[in-house]
Amino acid sequence: PPPPRNNHPPVQMKFDCVAMSALLSAAVLGRSVASAFVVPTTTTTTTTMPRAASVSVSSFAAAGASVPARRPFSLLGMSTETEAPASSDSAPAAAAAEKNKIRTRRILSGVQPTGSLHLGNYLGAIRQWVDLQNGPEMEPYVDDKGFEVRTENFFCVVDLHAITVPQDPDDLGESTLASAALYLAAGIDPVKSKVFVQSHVPAHSELAWLLNCATPMNWLERMIQYKDKAKKQGTDSVAVGLFTYPVLMASDILLYQADRVPVGEDQRQHLELARDVVRRFNDQYCKGGKYKKRCKAAGIPSRPAFTEPEAMIVKQGGARVMSLTDGTNKMSKSDENDNSRINVLDPPDVLRAKIKRCKTDEFRGLEWDNPERPESTNLLTIYQAVQPGRTREDILEEVGDMSWGEFKPLLADAVVAHLEPIQNRYKEIREDEEYLAGVLREGAEAADEIASRTLNSARVAMGFTQRG
């Protein structure tokens, strides 16, 4: 692992959320935020805190990307190390000391709460979160340094990212709650994972402003997303928020001291900006005797405020779901034609009607990966994805010789059967407003406790007065 660069002491967090009695096998969300973070920055202290109360930071955000398998990278984060008294050399004391050496990975991921949440959102992101949460990757293990490595999950609804384009206030509020409820309905368990709304943790927006003031405009002018939309829509209709969107994304990463960030190749530019921002900020504000005096007065170590993240380019994870009306285009919330997508909350009769009308071709039989038959590949992919555990060979043996008229009813039945439990659980959660509010409140409190420490370091570095 890299040398210690984090100036934040271990954080004690509460995990006393209400348990969900059932875990479903699916999840649904909006467009992924570009950055999932693997956050390993290390600070080692000696403490007598109980093991369960010791936390440290390592984070990972899934931006629609698959989570790497356990331990292909060093994902160690801020750590707490507990040692037995020096006077004791007994085997039980030594075992207890070894047992209390803990490091924690933190997985942080979020999606935008805009538009209808469709099957592509669900398969590309949230089902992977659920699988990860319930998989062997979450089990504690001992690394080659003798530390017990634990994993914590944080999943957020990134409403601040959503407002880079105009949003109806009523729709934004409802979409935010709907997204959070769908996390839970799909199987995110608040006992195992924290769920929160991005705007409920003020450090995200405040750090974004501080970094905006430290980031040259020409760096942002090079961002492809802004250039493309400005070219299409004109600068008169493109908001400043879209221009500075990459800085908010950088803030999301840096708040949790990520030093490894799994990203798709299309998000590499945004991560490079975050790296540039870290170098510039640390160079401008985190050097010299005056900086050390400010840190001493604030009671924090005088290391740089931020960890410089490195990219881990990963392949897109999950099933790639295409439009029902054009097998060459991705299923999208922004498509004006609602028949182009399978919305997670579509009633069964609507789902069946959409699948019955979806685009196919003139050939009999079904096959994967024929470039001349994109709709065949897409519908087979959906059929397999909503029946976890089935293989391509198994699917083709069942339906490969069918006509479209024979296959579409089977596909509709499979999609309805997969989504109905999520829809039922979603309804239950939305009817219990107190439960949903409590989950979001506890998640925000846990995230805020971590993020506010990084924000405080940035404030001290820039010379702001301390809050009383």
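What you are looking at is a predicted structure, and each value in this text was computed from that prediction instead of being measured.

1. Some points on the packing of aromatic side chains
One pass over the full model with this rule turns up seven aromatic pairs. When the centroid spacing of 4.5 Å and the interplanar angle of 5° are considered together, the rings of W129 and F155 count as stacked. Of this pair, W129 sits in helix α2 (residues 119–134) while F155 sits in strand β5 (residues 148–157); the two residues are 26 residues apart in sequence, bridging distant segments of the chain. This pair shows no difference in class: W129 is buried, exactly as F155 is. Put simply, the rings of W129, F155 and Y183 pair up and form one aromatic cluster. Over the aromatic face of F147 sits the side chain of K101, whose NZ or CZ is 5.0 Å from the ring centroid. Its end group placed over the ring of W219, R280 keeps NZ or CZ at 5.7 Å from the ring centre.

2. Description of the pairing of strand β3 (residues 101–111)
Among the eleven residues of β3, eleven are classified as buried, and the element is accordingly described as predominantly covered. Neither face of β3 is open: one carries K101, R103, R105, I107, S109 and V111, the other I102, T104, R106, L108 and G110, and all of them are buried. One ladder, built from ten bridges, connects β3 with β5; its direction is parallel. By the bridge assignment, S109 is partnered in β5 with F155.

3. Some remarks on the pattern of salt bridges
Any two side chains of opposite charge can pair, so long as their charged atoms come close to each other. Under the criterion given, the structure shown has 21 salt bridges. We note a salt bridge from R150 to E148, for which the minimum N-O separation is 3.1 Å. Of the two residues, R150 and E148, both sit in the buried class. Measuring nitrogen to oxygen at the nearest pair gives 2.8 Å for the salt bridge that ties R430 to E174. Of this pair, R430 sits in helix α14 (residues 404–431) while E174 sits in helix α4 (residues 169–185), placing them 256 residues apart in sequence. You can call R430 partly exposed: its relative accessible area is 22%. Classification of E174 by relative accessible area gives partly exposed; the value is 38%. What emerges from the salt-bridge pattern is a single network uniting R268, E272, R275, D276, R279 and E308.

4. As for unusual backbone geometry
Even without being glycine, D369 reaches a positive phi, approximately 65°. Locating D369 in the fold gives a position in the loop between α11 (348–357) and α12 (374–385).

5. Focus on helix α8 (residues 240–254)
Here α8 is 15 residues long and its end C-alpha atoms lie 21 Å apart, about the 21 Å a rise of 1.5 Å per residue gives. At P246, α8 is deflected by roughly 40°, the largest bend along its length. The buried count for α8 comes to 13 of 15 residues, which makes it a mostly enclosed element.

6. Here's the deal with helix α9 (residues 268–285)
Its 18 residues place the ends of α9 26 Å apart at the C-alpha level, agreeing with the 26 Å of an ideal helix rising 1.5 Å per residue. Of the positions making up α9, those classed as buried are H270, L271, L273, A274, R275, V277, V278, F281 and N282.

7. Points about the confidence of the model for the protein chain
Model confidence for the protein chain is summarised by a mean pLDDT of 78, while 75% of its residues fall at 70 or above. Overall, residues 1–90 carries pLDDT values under 50, and its contacts beyond four positions in sequence, including any with other chains, amount to 336 contacts.

8. Things to note about a negative patch on the surface
A contiguous patch of negative charge, built from E431, D432, E433 and E434, is present on the exposed surface. The residue E433 is located in helix α15 (residues 433–462) in this model.

What counts and how
- Residues numbered from 1 in each chain as written.
- Predicted model: local features only at pLDDT ≥ 70, side-chain atom pairs only at ≥ 80, totals over all residues.
- Heavy atoms only, no water.
- Phe/Tyr/Trp six-rings, centres within 6.5 Å; stacked < 30°, edge-to-face > 60°.
- Helix = DSSP H or I, 4+ residues; strand = E, 2+ residues; numbered from the N terminus.
- Buried < 20%, exposed > 50% of the residue type's maximum accessible area, 1.4 Å probe, protein only.
- Lys NZ or Arg CZ within 6 Å of the ring centre and 35° of its normal.
- Pairing = 2+ DSSP bridges.
- Salt bridge = Lys/Arg side-chain N within 4 Å of Asp/Glu carboxyl O.
- Expected span 1.5 Å × (residues − 1).
- Bend = angle between axes of the 7 residues up to and from the residue.
- pLDDT = per-residue confidence, 0-100.
- Contact = heavy atoms within 4.5 Å.
- Patch = residues over 30% accessible without salt bridge, like charges linked within 9 Å, V, L, I, M, F, W, Y side chains within 5 Å.
- Areas by Shrake-Rupley, 256 points an atom, 1.4 Å probe, with all protein chains shown as cover.
- Lys, Arg positive; Asp, Glu negative; His and termini not counted.
- Charge placed at Lys NZ, Arg CZ, Asp CG, Glu CD.

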